[in-house]
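So the chains spell out like this:
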Amino acid sequence: NAGVTQTPKFQVLKTGQSMTLQCAQDMNHEYMSWYRQDPGMGLRLIHYSVGAGITDQGEVPNGYNVSRSTTEDFPLRLLSAAPSQTSVYFCASSYSRPGLAGGGTQYFGPGTRLLVL
Amino acid sequence: AQTVTQSQPEMSVQEAETVTLSCTYDTSENNYYLFWYKQPPSRQMILVIRQEAYKQQNATENRFSVNFQKAAKSFSLKISDSQLGDTAMYFCAFMKPLGAGNMLTFGGGTRLMVKP
């Protein structure tokens, strides 16, 4: 059981380039989310998904796209990278029902550090 | 919208002593969940403790306990017998219940240094 995995660990992009951050989980969680963490700040929600084929925007969605074709995978796409997207990106997953023991608790991946020059 | 405030950007404590980290939040919800996450230098986000708002009893996990004051919208974390491995950023987070995607709203964090 690997939990939540993210690739790559670190990436350098030039302004205007595109890339996809990969996220996968093997816990059969319905919910998956992407957060970004800027220096000295807490995490902010970019996009989330409540199941395969269903996604929605979070607090800071501009410049990012997501899709969820399977329960396991939730990739985050940067369409045209900008220096303001330099950040650490975390993927998280959870069961849908907080009422269950442990349900609702978000399990985080190790993060992807992105530098946009 | 919910907001979470951690008023202590940095704190330090001597090894084996007790320290309390503060967190306040603002919400109009009645049922919700609160969490403390630890982020060591590795950047991994590690769940420390969770509290369901409908439970009056404060959550405890070994050396970690919370003081949940619902009316005051306060959720502090107490770390007893502090260890060097407790050195990390600590984030308080709020979550609305069912149907909202289990989205977390985070505070700005408190950097805790445990000194030998």
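Residues numbered from 1 in each chain as written. Chains lettered and ligands numbered in written order. Predicted model: local features only at pLDDT ≥ 70, side-chain atom pairs only at ≥ 80, totals over all residues. Heavy atoms only, no water.

The next point concerns the overall build of chain B. The helix and strand tally for chain B stands at zero helices and twelve strands. Moving toward the C terminus, one meets the helices and strands of chain B in the order β-β-β-β-β-β-β-β-β-β-β-β. The C-alpha atoms of chain B give 14 Å as radius of gyration, which agrees with the globular expectation for 116 residues (13 Å, within 12%). Based on the C-alpha atoms only, the size of chain B along its principal axes is roughly 45 × 30 × 20 Å. Taken across its 116 residues, chain B has 48% of its residues classed as buried. Taking all contacts inside chain B whose residues are at least 6 apart in sequence as the whole, residues at least 24 apart take part in 54%. (Helix = DSSP H or I, 4+ residues; strand = E, 2+ residues; numbered from the N terminus. Rg over C-alpha atoms; globule rule 2.2 N^0.38 Å. Buried < 20%, exposed > 50% of the residue type's maximum accessible area, 1.4 Å probe, protein only. Contact = heavy atoms within 4.5 Å.)

A separate point is the pattern of salt bridges. By the definition in use, this model includes six salt bridges over all chains. Among the ionic pairs, Arg36 of chain A bridges to Asp38 of chain A, the shortest N-O distance being 2.8 Å. Among the salt bridges present, the one from Asp86 of chain B reaches Arg63 of chain B, with a minimum N-O distance of 2.8 Å. Here Arg63 of chain B lies in the loop between β7 (60–61) and β8 (64–69) and Asp86 of chain B lies in the loop between β9 (74–79) and β10 (88–95), a separation of 23 residues in the sequence. (Salt bridge = Lys/Arg side-chain N within 4 Å of Asp/Glu carboxyl O.)

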